[in-house]
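Residue-level structure breakdown
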Amino acid sequence: MKQIKKLPIAVLVVEDEPLALEKLSELIGFYAETVYRAQNGEEALAVYRTHAPDMIVSDIIMPKMNGIELLKAVRKGDSDTSFVLLTAHKNTEMLAEAIEYGINAFFSKPLQFSQLLAKIERVARNKVLERRVKNSNALLEQYKEIVDTSAIVSKADLDGKITYANEMFCKISGYSSEELIGQPHSIVRDPSTPSYLFKHMWETIRSKKIWHGVIHNRAKDGSIYTVKSTIAPILDENGTILEYIALREDISGVIKKEKKLRAERKKLDDILNHVDNIVAMVSIREKLQFVNQKFFDIFPYADLYDYKTVHSCICDIFQPGEGYMQPQMGELYWVEYILVHPDRQHHALMVDKEGKERIFTINVQPILADDKELFVVTLGDVTELQRAKEEA
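Parameters at a glance
Residues numbered from 1 in each chain as written. Predicted model: local features only at pLDDT ≥ 70, side-chain atom pairs only at ≥ 80, totals over all residues. Heavy atoms only, no water. Helix = DSSP H or I, 4+ residues; strand = E, 2+ residues; numbered from the N terminus. Buried < 20%, exposed > 50% of the residue type's maximum accessible area, 1.4 Å probe, protein only. Polar contact = N/O pair within 3.5 Å; in protein donor to acceptor, adjacent residues only side chain to side chain. Contact = heavy atoms within 4.5 Å. Axes fitted to C-alpha atoms, helices over the stretch in contact; angles between N-to-C directions. Parallel < 35°, antiparallel > 145°, perpendicular 65-115°, else oblique. Left-handed = near helix turned anticlockwise from the far one by under 90°. Disulfide = S-S within 2.5 Å. Pairing = 2+ DSSP bridges.

Let's talk about the side chain of His311
- Within the fold, His311 resides in the loop between helix H11 (304–308) and strand S13 (328–329).
- Owing to a relative accessible area of 16%, His311 belongs among the buried residues under this scheme.
- There is a polar contact of 3.2 Å between the side chain of His311 and the side chain of Tyr301.
- Those residues in contact with His311, other than ones at most four positions away along the chain, are Tyr301, Asp316 and Ile317.

In structure tokens, the structure reads:
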């Protein structure tokens with residue numbers, strides 16, 4: 001005999017006649033995962049309160065508490081449990097009372113089990129859907145909690161008026177939820193943010209696409225904060241926009257650090273651009289990262305970009321000559337060679353923008369920047385000194 005896959009449902013069977021209770025419970029047990037039994041209304045109510053079944057199948061005429069009284073007791077705090085009444089007597093008053101208290105089905109005896117089974121299957125399908133919805137809602141609530149505690153979140157209607165603002169939005173803006181809801185997002189807009197940015201944003205989200213961007217906002221106290229924003233339209237099943245949701249990350253600290261770094265870099269550049277020596281920064285494989293203005297004063301290149309369109313290494317303009325540095329010194333690169341021989345004097349022969357040969361001393365110092373090993377290369381012009389030594 002083929003095994004029947006049982007439905008994920010718990011059914012309470014209530015019948016005062018023992019043989020009828022046994023037979024009906026066995027039949028239902030072939031299809032339902034769990035079956036509880038009770039021989040009267042009082043016993044059934046105790047089972048219901050202990051186990052909370054999905055469905056109750058009950059006779060009407062029973063001792064102690066009849067089926068209608070059991071239905072009333074169940075419905076006092078529960079409108080979800082499916083309740084089916086069975087009776088051998090057609091009593092219109094009882095039927096009317098059962099309908100008033102929310103009966104789900106009413107079957108006459110002798111029972112056509114196929115009808116009851118069809119009802120059990122419908123209840124089971126509904127319960128599966130309800131559980132899925134409940135689980136989905138529980139997951140959504142957890143997702144919402146995670147997002148609400150890690151991002152600035154707001155929702156807006158089709159006109160852009162705020163309909164929801166989470167705690168992080170209120171905290172960073174300085175406004176309460178009551179002050180924000182119903183207001184356009186311009187309540188926190190900083191005038192320094194260009195209007196074309198918002199125009200592009202609206203064009204994007206109204207075309208049902210997700211917009212990403214960085215926006216400067218102004219809090220209630222006048223302070224400025226910067227957010228990295230993602231704004232998306234929420235669509236219904238027909239693709240119609242219902243509302244907009246925005247997730248924002250406060251990057252004010254990052255922006256401040258970047259400004260500070262740029263200021264420090266500019267200060268360093270200003271210092272390096274006013275020294276008499278050429279100062280360059282290179283990687284281990286000789287990729288030129290930085291060189292100061294002195295280099296461009298001497299050699300025929302407008303800027304670093306101009307130089308790197310032709311060369312990648314400062315050693316590319318070393319000239320051949322005995323006793324002078326070459327890109328490859330035996331088995332070692334020139335930077336490695338200098339580091340291996342720190343006590344020696346190292347010179348490079350180079351040609352300036354006027355076509356004249358110049359001699360430079362070279363010093364190399366390793367540094368660590370952003371976990372990468374770089375090298376500061378200093379070139380000092382000793383052309384006149386070397387020529388004087390040669391003439392002496």
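Details of the packing of helix H1 (residues 18–29) against helix H5 (residues 113–150)
- Two numbers describe how H1 lies on H5: the axes approach to 11 Å, and their chain directions differ by 50 degrees. Considered as vectors, H1 and H5 are oriented oblique to each other. Note that H1 runs across H5; the crossing there is right-handed. In this structure, H1 contributes Leu24, Leu27 and Ile28 to the contact, and H5 contributes Phe113, Leu116 and Ile120.

Considerations on the state of the cysteines
- Throughout the structure, instances matching the rule amount to 1 disulfide.
- Note on cysteine connectivity: Cys313 is disulfide-linked to Cys315, with sulfurs 2.3 Å apart. Looking along the S-S bond of the Cys313-Cys315 disulfide, the torsion reads about 135 degrees, which is the right-handed sense. Each member of the pair Cys313 and Cys315 is classed as buried.

Considerations on the side chain of Thr87
- Position of Thr87 relative to the elements: it lies in strand S4 (residues 82–87).
- Apart from residues no more than four positions distant in its own chain, Thr87 is found in contact with Asp59, Ile60, Phe106, Phe107, Ser108 and Lys109.

Quick look at the sheet that holds strand S11 (residues 278–283)
- Pairing is antiparallel in the open sheet, where 5 strands are placed in the order S12-S11-S17-S16-S15. Whereas interior strands pair on both sides, the edge strands pair on one side only; in this sheet they are strand S12 (288–291) and strand S15 (347–351). Sheet twist, expressed as the mean angle between neighbouring strand axes with direction ignored, is 30 degrees.
- Seen against the sheet, helix H13 (residues 383–391) touches S15, strand S16 (357–369) and strand S17 (372–381) and runs at an angle of roughly 130 degrees to S16.

Thoughts on the environment of Ile99
- Checked against the element boundaries, Ile99 lands in helix H4 (residues 92–100).
- Along the chain, Ile99 and Asp306 lie 207 residues apart, while their C-alpha atoms are 89 Å from each other.

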